[in-house]
Amino acid sequence: MVSPAHFIALSVILFVIGAVGVLVRRNAIVVFMCVELMLNAANLAFVTFARMHGGLDGQVIAFFVMVVAAAEVVVGLAILTSIFRARRSASVDDANLMKY
Amino acid sequence: MSGSAQGALAHPAVAIASLHATGIQDAAWLLLAFPLLGAVVLLLGGKRANSWGHLVGVAMPVLAFAYGVAAYVQMLSYPAAQRSRDLVIFQWINVGRFHVPLGLQLDQLSICFVLLITGVGSLIHIFAVGYMSHDPERRRFFGYMNLFVASMLLLVLADNYLALYAGWEGVGLASYLLIGFWQFKPAAATAAKKAFIANRVGDAGLSLAIMLMFFQFGSVSFSGVFGAVGSASHGVVTALGLLLLLGACGKSAQVPLQSWLLDAMEGPTPVSALIHAATMVTAGVYLIVRSAPIFNLTADARLAVAIVGAVTLLFGAIIGCAKDDIKKALAGSTMSQIGYMMLAAGLGPAGYVFAIAHLLAHGFFKAGLFLGAGSVKHEMSDEVDMRRFGGLARVMPITWVTFGLGYLAIIGVPPLSGFFTKDPIIDAAFSKGGTSGALLGTAALLGAGITAFYMTRVMLMTFSGGRRWEDGVHPHEVPAVMTSPMIVLAVGSVAAGGFLILGNRLLNFLGPVTGVPPTSHGIWTSAGIAALALVVVGAAIAYALYGRREVPVTAPAGSPVTVAARKDLYGDAVNESLLMRPGQWLTRLSVYFDNRGVDGLVNTVAATFGGSSGRLRRVQTGFVRSYALSMFLGAVLLVGALLLVRL
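Cut-offs applied
- Residue numbers restart at each chain and count upward from 1, following the sequence in its written direction.
- All chains are assigned letters beginning at A, and all ligands numbers beginning at 1, according to the order in which they are written.
- Two thresholds apply to this predicted model, a pLDDT of at least 70 for residue-level local features and 80 or more for giving and counting side-chain atom pairs, whereas whole-chain, interface and lining totals are computed over all residues.
- Based on all heavy atoms of the structure, the side-chain values leave hydrogens and waters out of the count.
- Strands here are runs of E lasting at least two residues and helices are runs of H or I lasting at least four, both read from the DSSP assignment and numbered beginning at the N terminus.
- Our radius of gyration is a C-alpha quantity, and the globule rule it is checked against amounts to 2.2 Å times the number of residues to the power 0.38.
- We call a residue buried when its accessible area falls under 20% of the maximum for its residue type, exposed when it is over 50%, and partly exposed in between, using a 1.4 Å probe and counting protein chains only.
- Note on contacts: a residue pair is in contact if any heavy atoms of the two residues lie within 4.5 Å.
- Residue burial considers only the protein chains on display, and all accessible areas are found by Shrake-Rupley using a 1.4 Å probe.
- Under the convention used here, Asp and Glu are negative, Lys and Arg are positive, and both His and the chain ends fall outside the count.
- To locate a charge, take NZ of a lysine, CZ of an arginine, CG of an aspartate or CD of a glutamate.
- Only rings of Phe, Tyr and Trp enter the pairing, Trp through its six-membered ring, and a pair is recorded when the two centres are within 6.5 Å. The plane angle decides the type: under 30 degrees is stacked, over 60 is edge-to-face, the rest tilted.
- Both a distance and an angle decide whether a charge sits over a ring: NZ of Lys or CZ of Arg must be within 6 Å of the ring centre and within 35 degrees of the ring normal.
- For every residue, the pLDDT score states the predictor's confidence, bounded by 0 at the bottom and 100 at the top.
- Here, nonpolar core means buried Ala, Val, Leu, Ile, Met, Phe, Trp, Tyr and Cys residues that are tied together by side-chain atoms lying within 4.5 Å of each other.
- Two parts placed together each lose some accessible area under a 1.4 Å probe, and the buried area is that loss summed for both.
- Any Lys or Arg side-chain nitrogen located within 4 Å of an Asp or Glu carboxyl oxygen qualifies as a salt bridge.
- Polar contact is the term for a pair of N or O atoms within 3.5 Å; when the atoms are in protein, one must be able to donate a hydrogen and the other to accept it, and sequence-neighboring residues count only if both atoms are side-chain atoms.
- Side-chain classes are defined by residue name, with Ala, Val, Leu, Ile, Met, Phe, Trp, Tyr, Cys and Pro counting as nonpolar, Asp, Glu, Lys and Arg as charged, and the others, Gly among them, as polar.
- Multiplying 1.5 Å by the helix residue count minus one yields the expected span of that helix.
- To be clear, the arc concerns the directions from the helix axis to the C-beta atoms.
- When DSSP finds two or more bridges between a pair of strands, those strands are recorded as paired.

1. A closer look at the overall build of chain A
Within chain A, the secondary structure is distributed over 3 helices and 0 strands. The secondary structure elements of chain A, listed N-terminal to C-terminal, are α-α-α. For a compact globule of 100 residues, the expected C-alpha radius of gyration is about 13 Å, and chain A comes in at 17 Å, more than 25% above that figure. The principal-axis extents of the C-alpha atoms in chain A amount to approximately 50 × 25 × 25 Å. For chain A, with 100 residues in total, the buried portion stands at 26%. Within chain A, contacts between residues separated by at least 24 positions form 57% of all contacts whose residues are at least 6 apart in sequence. Summed over its atoms, the accessible surface of chain A is roughly 6800 Å², and 74% of this surface lies on carbon and sulfur atoms. Distance between charge centres in chain A, computed from 7 positive and 5 negative side chains, equals 10 Å.

2. Section: the packing of aromatic side chains
Residue and element names in this part refer to chain B. Scanning the entire structure with this criterion turns up 16 aromatic pairs over all chains. Geometrically, the ring pair formed by Tyr72 and Phe509 is edge-to-face, given 5.9 Å between the ring centres and 75° between the ring planes. Taken as a pair, Tyr72 in helix α4 (residues 53-76) and Phe509 in helix α23 (residues 505-514) lie far apart in primary sequence, 437 residues in all. The exposure class of Tyr72 is partly exposed, given its relative accessible area of 25%. For Phe509, a relative accessible area of 10% gives the class buried. Plain terms: the ring middles of Phe419 and Trp524 are 5.0 Å apart, the flat faces sit at 50° to each other, and that makes the pair tilted. Here Phe419, found in helix α20 (residues 417-431), pairs with Trp524, found in the loop between α23 and α24 (526-547); they are 105 residues apart in sequence, far enough to count as distant. Judged by relative accessible area, which is 3%, Phe419 ranks as buried. Lying across the ring of Tyr78, Arg85 places its NZ or CZ 3.7 Å from the centre.

3. What about the confidence of the model for chain B?
Any region with low pLDDT has predicted coordinates that should not be read closely. All names here are of chain B. For chain B, the mean per-residue pLDDT works out to 90, and 97% of the residues sit at or above 70. Below pLDDT 50 for its whole length, residues 1-16 participates in 20 contacts with residues either more than four positions away or in separate chains. Predicted as a complex, the structure gets a pTM of 0.80 and an ipTM equal to 0.87.

4. Observations concerning unusual backbone geometry
All names here are of chain B. Residues Val255 and Pro256 are joined by a peptide bond in cis, for which omega reads 10°. Within the secondary structure layout, Pro256 lies in the loop between α10 (234-252) and α11 (259-263). That bond from Pro414 to Pro415 is cis: its omega, 5°, falls within 30 degrees of zero. Checked against the element boundaries, Pro415 lands in the loop between α19 (397-411) and α20. Of note, Ala253 is a non-glycine position whose phi angle comes to about 55°, a positive value. A relative accessible area of 0% means that Ala253 is categorised as buried. Positioned with a positive phi, Asn504 is a non-glycine residue whose angle comes to about 55°. The topology assignment puts Asn504 in the loop between α22 (480-501) and α23. In this structure Asn504 comes out as partly exposed when scored by relative accessible area, which is 34%.

5. Section: the nonpolar core
Across soluble globular proteins, you tend to see nonpolar side chains buried next to one another. If you look at the biggest cluster of nonpolar residues, it comprises 200 residues, and the most contacted ones within it are Tyr161(B) and Ile294(B). With 16 residues, helix α17 (residues 352-379) of chain B is the largest single contributor of residues to this core. The residues contacting Ile294(B), other than those within four sequence positions of it, are Tyr161(B), Met213(B), Val225(B), Phe226(B), Val229(B), Val237(B), Leu240(B), Gly241(B) and Leu244(B). Within the second largest apolar cluster, 11 residues are counted, among which are Val22(A), Val30(A), Cys34(A) and Leu80(A).

6. Describing the interface of chain A and chain B
With 13 residues of chain A in contact, the opposing surface of chain B contributes 12 residues. Taking both sides of the interface into account, the surface hidden between chain A and chain B amounts to around 1100 Å²; carbon and sulfur atoms contribute 62%. Ranking the residues of chain A by area buried against chain B places Leu23(A), Asp93(A) and Tyr100(A) at the top, with a combined share of 54%. Here chain A is connected to chain B by 1 salt bridge. Its salt-bridge partner being Asp93(A), residue Arg625(B) comes within 2.7 Å of it at the nearest N-O pair. One can count 3 residue pairs in polar contact (both at pLDDT 80 or more) joining chain A with chain B. By residue class, the composition of the side of chain A that touches chain B is 8 nonpolar, 1 polar and 4 charged.

7. Some words on helix α3 (residues 29-44) of chain B
All names here are of chain B. Helix length check: α3 (16 residues) gives 22 Å between terminal C-alpha atoms against 22 Å at 1.5 Å per residue, within 8%. Considered for burial, the residues of α3 that qualify are Leu31, Leu32, Phe34, Pro35, Gly38, Ala39 and Leu42. Along the long axis of α3, the arc covered by the buried residues comes to 160°, so they all point the same way. Its buried side turned inward, α3 meets α4, β2 (85-95), β3 (98-106), α5 (108-131) and α6 (138-157). In the stretch just after α3, Gly46 is the one whose phi turns positive, near 70°.

8. Notes on the side chain of Ser89(A)
All names here are of chain A. Position of Ser89 among the secondary structure elements: in the segment after α3 (57-87). Looking at Ser89, the relative accessible area reads 15%, which means it is buried. Within the structure, Ser89 has its side chain in polar contact with the backbone nitrogen of Ser91 (distance 3.0 Å).

9. Re the pattern of salt bridges
Residue and element names in this part refer to chain B. This model, assessed by the stated rule, comprises 16 salt bridges over all chains. Measuring nitrogen to oxygen at the nearest pair gives 3.5 Å for the salt bridge that ties Lys185 to Glu266. Placement of Lys185 in the loop between α7 (161-179) and α8 (186-217) and of Glu266 in the loop between α11 and α12 (269-278) is noted, with a sequence separation of 81 residues between them. The partner of Asp263 in a salt bridge is Lys194, and the shortest N-O contact between them spans 2.6 Å. Here Asp263, found in helix α11, pairs with Lys194, found in helix α8; they are 69 residues apart in sequence, far enough to count as distant. The exposure classification of Asp263 matches that of Lys194, with both residues buried. If you follow the salt bridges from partner to partner, you end up with Lys194, Asp263, Lys328 and Asp572 in one network.

10. Topic: the sheet that holds strand β1 (residues 19-20) of chain B
All names here are of chain B. Strands sit in the order β1-β2-β3 across an open sheet of 3 strands; the sheet is mixed. Only two strands of the sheet have a single partner each, and these edge strands are β1 and β3. Note that β2 and β3 share 9 bridges and pair antiparallel. The partner of Val88 across the bridge, within β3, is Gly103.

Right, here's the structure in full:
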């Protein structure tokens, strides 16, 4: 039997993979994918808890997160494209002009 | 104070109900309107008024004088107790319980001043037509002079202290503008500033007095203040008296605010005659006599007034002895004579009338002397050093005679003015009794002798002896437009004193306003005879020194006293060391404290924040992943904190 704890454990694992990916990877596209991973980990947790408590709130929020994630990807990829055009690089460490 | 003198202090003016001006007096605002109109026309008229401006400038004071005579004649038709008439021009200030009407008070005291200001003022205006005839700015000069006359009339006609103060400041402004009339001369510009600043010190005293009056009595009108002053505490009355004295010292060039008057001689000579001899500088005496109900209640303030007067009369006389500049010698004499008036005013009802009598007589003979000095200066190519004069009696006979009559009047030769008006002051000072009376009387007596010395010196150095003129100077008698005012003033110098004093004319006239002396000693008093003896001695010494010997063209080294007197008895040095230097130290200390203390504190705080934020901004590396890490750590901290609170 697959218990809610399993889903939560999977969610935590996905989130940690995503977080570590954001922190250690330089390729902007990979960083993006890791962000998606974290969002989906959160979605999984929402849905799991919604099932556990028998409410719909968590499921509705999961939809909102998906919408936000889709919008974010659109804007993010557009920025990424223009940066790549200008600098011939998709590394997040190369885009460091906005600093002290 | 002795008991009998205290009894005489009750002030009659308070008891007199104020009556409204009627008839001719109902138009008393004309007195202010004439000279004010003249000032406006002349100052705003521009160059197109140049050709006829001086005529307007002369006509206005003459018209005011004619009106003043008419108002005086009407006043004489009233019984003595009903001669004080009020006229409200308009409500000036109407706020809450603070009501100040711009009101005029025509009474015996103010009409004396009106006649003096407009009468002597008109004569000096006429003289100035000739004296300033070569000056391209003559129109502006007359504009300022009319402004002065208007302000001075407001000063003496006001029925409250606030309007008096407005006139007081107006004459200060006119004095400043006229001392600095030739502002292209640095000395004149400096002298004007000096006069203004010294006057400001006195004005501060007067304005504080007015504030104190309003605070204590809720009123600044003469009737309101004098009605309430009887119930005020002794400390308040004395403070009022001393503050008014400070104001009087500034305007009347009394010690310790005397230093500006000698420098004020940089102005054109008609200005010296009108403002710095006959009228404005006597405003302090007017203020004291007008405030008689206040001074009657405080023997301490009266004594302070008398001491200031006695010190100044000696101070001015000693300075007058050493000056070679004819105008400065006369200026020292003015200080000295006003010292006599202050001394008399400080004696209370025993001296008020004599102060005013001497003031009026002084207005004549000192204005005459200054006009004489002006015509000499005019003919000597603006030379004022008496060591460069000499032997002018033959070439300028009219000036010589008129100046000589003024000279005899000021030293107090009977039966000229000074004899009648100065000797009662000396007598009244001795009559005060006690140590203070003896000291004040001795000072006044000595002053009479010194006056005779320095005035004889001026007379001999200017008009007698050999001709020590510079090359190319050809003096002649001045034109009639200048001699005729001098002749009229000389007649006044001869007759005014006797007219005022004989038969107690002024005493009976002014009595209802100022109170009368408790006792009368007649014309020939022992003090007066002693003064005459000293006058003879002083004149004889001056003759021995300056009449029998030839006067050297360059001043000899002189004794330490002479050197000190040439330097105005170190009046400027005292001001510099007591006020200017400490003031500058205070300024420097304040600047240091401001830079190091206030700015230091603010700057330290700013530098601390600036430095720490400079270090803190290094966190903004520009690397997205470091931001992500800090966000991650922040989230962890937040979650940790939440868990900690939960547990």
